[in-house]
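The residues making up each chain are set out below.
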Amino acid sequence: MSKTIQKNLVVEKIITAQKTSDGAGVSLYRSLGSHQLPTVDPFLMLDEFKSDNPNDYIAGFPNHPHRGFETVTYMLAGKVEHKDHKGNVGIIKSGGAQWMTAGRGIIHSEMPVQEDGLMWGFQLWVNLPSYQKMKEASYQNIEPEHVSEIHLESGSLIRVIAGKSMGIEGAVKGIDTDPLFVDMRLVTEDSVSHPIEQTHNSLVYVYRGLIHIGDPDDSRLETVKQGQLAVLSKGTNLSLKAGKEDTGFILLSGKPIGEPIAKYGPFVMNTEAEIQQAIEDYQSGNLANA
Ligand code: MN
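What you are looking at is a predicted structure, and each value in this text was computed from that prediction instead of being measured.

Trainee: What is the right way to read the coordination of the manganese ion from this model?
Mentor: Each protein donor to the manganese ion is listed here as His 64 (NE2), His 66 (NE2), His 108 (NE2) and Glu 110 (OE); together their distances run 2.1 to 2.2 Å. His 108 gets classed as buried once you look at its relative accessible area, which sits at 0%. Given the relative accessible area of 9%, Glu 110 is considered buried.

Set out below in structure tokens:
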């Protein structure tokens, strides 16, 4: 057995989320999945939506299809109702998450339940390997009380959606890309070290305050602020330190798939021919029956 040498992850790139609009006119901030950063394998898109103005969210995301990947919704405030063509209905509540494996096809709507108040959450798109792109659709719905929470002595909180943090596993299971999805809320100037799989690609998106990433004794210490996404190098240890105010961020890590990506709107396949097939299947009403 050879001893593993710890290698600190460092920030390779910082992307500032850009304000855009999607669905029927929902205002959101896109970091990953934009022209500035099309993909970080296996992650395809990351949006943050945050507004207490109903005009920014009330139109929601009426019926639309997906094929070939997974959509993950995680709510910090507000409620979203999900309905699909199979008759599945559910509400994703504040603090809860939904991991939807679209596989060969889902046609669904994602609509706000409230008519006022704060709506705040994230949608992440995770790619599927080719052999799973046409599998039957499935869901993992995680109620807020089933999100694993780790309360650190410092007062900081780690909420684990998927993967393992501090020895605690998240509720989402059986995903081929072995994802880590954690919401970390560090109190003022708290420090945390987090192990990372050496082969995985990792991202940090800051939604509150700011975070310093990298070895504190190293010159490659970078500051990532609210509304920014950091693309990290590969490594085995992630060293994080909150700024002078409380900090909240999403840490993502996943096993790269390493396959070609053909992408058109809500379809993510390997080839253009498969995209054409997805469009035809959707238009002919066979998307989910293929
Ligand atoms: Mn959707």
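Next, the rest of the story.
Trainee: Would you mind going over the sheet that holds strand β17 (residues 180-186) with me for this structure?
Mentor: By way of backbone hydrogen bonds, the strands of a sheet pair with one another, either parallel or antiparallel. Pairing within the open sheet is antiparallel, and its seven strands lie in the order β1-β22-β19-β24-β17-β14-β13. Pairing within the sheet leaves two strands with one partner each, and these edge strands are β1 (11-16) and β13 (148-151). Put simply, the sheet's adjacent strands are angled 20° from each other on average, direction ignored.

Trainee: Looking at this structure, how should I read the environment of Gly 248?
Mentor: Within the secondary structure, Gly 248 is located in strand β24 (residues 247-254). Gly 248 sits in the buried class, given a relative accessible area of 0%. When residues no more than four places from it in sequence are discounted, the contact partners of Gly 248 are Met 184, Arg 185, Tyr 205, Val 206, Tyr 207 and Arg 208.

Trainee: Where do I start with the layout of surface pockets in this structure?
Mentor: The gaps of empty space that remain are located by a probe, the size of a water molecule, rolled over the atoms. Volume-wise, the largest pocket comes out at about 470 Å³. Considering the residues around the largest pocket, the lining is formed by 27 residues, among which Asp 22, Gly 23, Phe 61, Glu 110 and Gln 123 are closest to the centre. Of the residues assigned to the lining of the largest pocket, the class counts are 14 nonpolar, eight polar and five charged. Empty space within the second largest pocket amounts to approximately 380 Å³. Lining the second largest pocket are 20 residues, with Gly 163, Lys 164, Asp 178, Pro 179 and Leu 180 sitting closest to its centre.

Trainee: Is there a simple way to explain the pairing of strand β22 (residues 228-232) in this structure?
Mentor: Most of β22 is tucked away, with five of its five residues classed as buried. The alternating pattern of β22 places Gln 228, Ala 230 and Leu 232 and Leu 229 and Val 231 on opposite faces, both of which are buried. With five bridges joining them, β1 and β22 adopt antiparallel strand pairing. Looking across to β22, one finds that Val 11 is bridged to Leu 232. One ladder, built from three bridges, connects strand β19 (residues 201-208) with β22; its direction is antiparallel. Along β22, the bridge assignment pairs Leu 203 with Val 231.

Trainee: What is the right way to read the sheet that holds strand β7 (residues 80-84) from this model?
Mentor: Taking strand neighbours across the sheet as the criterion, the four strands line up as β5-β10-β7-β8 in an open arrangement whose pairing is antiparallel. This sheet does not close on itself; its edge strands, each paired only once, are β5 (61-66) and β8 (89-92). Here the average twist between neighbouring strands, direction ignored, is 25°. When β5 meets strand β10 (residues 106-112), the two strands line up antiparallel, connected through four bridges. Bridging from a neighbouring strand, Pro 65 pairs with Ile 107 of β10.

Trainee: What exactly am I supposed to notice about the environment of Pro 256 here?
Mentor: Residue placement: Pro 256 occurs in the loop between β24 and β25 (262-264). When its relative accessible area of 29% is taken as the criterion, Pro 256 is described as partly exposed. Counting along the chain gives 56 residues from Pro 256 to His 200, while the straight-line C-alpha distance between them is 6.2 Å.

Trainee: I tried to follow the pattern of salt bridges on my own but got confused; where do I start?
Mentor: Under the defined criterion, the tally for this structure stands at eleven salt bridges. With its nearest N and O atoms 2.5 Å apart, the salt bridge here joins Lys 93 to Glu 143. Residue Lys 93 is found in the loop between β8 and β9 (97-101), and its partner Glu 143 is found in the loop between β12 (138-142) and β13; the two are separated by 50 residues along the sequence. Take Glu 143: its relative accessible area is 26%, and that puts it in the partly exposed class. Arg 185 serves as the salt-bridge partner of Asp 183, at 2.7 Å between the closest nitrogen and oxygen. Within this structure, Asp 22, Arg 30 and Asp 47 form a network of salt bridges that share partners.

Trainee: Honestly, the packing of aromatic side chains in this entry has me stumped. Any pointers?
Mentor: Working definition: an aromatic ring pair is given by the centre-to-centre distance plus the angle between the planes. Under the definition given, this model contains seven aromatic pairs. Taken together, a centroid distance of 5.6 Å and an interplanar angle of 85° make the contact between Trp 120 and Tyr 207 edge-to-face. Here the residue Trp 120 occupies a position in strand β11 (residues 119-127), and Tyr 207 occupies one in strand β19, the gap between them amounting to 87 residues. For the pair shown, Trp 120 and Tyr 207 are each scored as buried. Between Phe 122 and Tyr 205 the ring centres are 6.1 Å apart and the planes differ by 75°, which places this aromatic pair in the edge-to-face class. Highlighted residues: Phe 122 in strand β11 and Tyr 205 in strand β19, separated in sequence by 83 residues. The pair formed by Phe 122 and Tyr 205 is uniform in burial state, with each residue classed as buried.

Calculation rules
Residues numbered from 1 in each chain as written. Predicted model: local features only at pLDDT ≥ 70, side-chain atom pairs only at ≥ 80, totals over all residues. Heavy atoms only, no water. Donors = N, O, S within 2.8 Å, 3.2 Å for Na, K, Ca; no water. Buried < 20%, exposed > 50% of the residue type's maximum accessible area, 1.4 Å probe, protein only. Pairing = 2+ DSSP bridges. Helix = DSSP H or I, 4+ residues; strand = E, 2+ residues; numbered from the N terminus. Axes fitted to C-alpha atoms, helices over the stretch in contact; angles between N-to-C directions. Contact = heavy atoms within 4.5 Å. 1 Å grid on protein atoms, 1.4 Å probe; cavity = no way out; pocket = protein on both sides within 12 Å on 5 of 7 lines; lining within 4 Å. Points joined across faces, edges and corners; volume = space filled by probe spheres on them. Nonpolar A, V, L, I, M, F, W, Y, C, P; charged D, E, K, R; others polar. Salt bridge = Lys/Arg side-chain N within 4 Å of Asp/Glu carboxyl O. Phe/Tyr/Trp six-rings, centres within 6.5 Å; stacked < 30°, edge-to-face > 60°.

Keep in mind these values describe shape, not function.
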